[in-house]
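# Observations on the model geometry
Each chain, letter by letter, is given below.
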Amino acid sequence: MPTVTFLDGVKVEMYYDDHAPAHVHAKYAEYEALLVIADGSVYRGSLPSKQLKKVQDYILDPVHNKQLIRRWNQYNRE
């Protein structure tokens, strides 16, 4: 499970051979959320609002979004 980035205490990871939709795992203290790369929505789990906003802003940044999609396709080849 490669680490994508750390955002103020939030660890953002992407797993190999993971299920659709394309997403990242964001972990903060006892919280974990899966966020969809396409739109930043929470697929499962939860994060405190401040940390959630930071991860969503990162995911939705056009440069990072393109990188995340590229990584997802590399790690999850069918």
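Look up a bit, the structure's there.
Structural notes, computed from the coordinates. (Residues numbered from 1 in each chain as written. Predicted model: local features only at pLDDT ≥ 70, side-chain atom pairs only at ≥ 80, totals over all residues. Heavy atoms only, no water.)

## Some details on the pattern of salt bridges
Across all of its chains, the model carries four salt bridges by this definition. Its salt-bridge partner being Glu-13, residue Lys-11 comes within 3.3 Å of it at the nearest N-O pair. For Lys-11, a relative accessible area of 28% translates into the label partly exposed. Under the relative-accessibility criterion, Glu-13 is labelled buried at 2%. Note that Lys-53 and Asp-57 form a salt bridge whose closest N and O atoms lie 2.9 Å from each other. (Salt bridge = Lys/Arg side-chain N within 4 Å of Asp/Glu carboxyl O. Buried < 20%, exposed > 50% of the residue type's maximum accessible area, 1.4 Å probe, protein only.)

## Examining the environment of Ala-29
Structurally, Ala-29 is set in the loop between β3 (23–28) and β4 (31–36). On the basis of relative accessibility, which here comes to 67%, the residue Ala-29 falls in the exposed class. Remark: the alpha-carbon pair of Ala-29 and Trp-72, spanning 43 residues in sequence, is separated by 25 Å. (Helix = DSSP H or I, 4+ residues; strand = E, 2+ residues; numbered from the N terminus.)

Nothing here speaks to function; it is geometry throughout.
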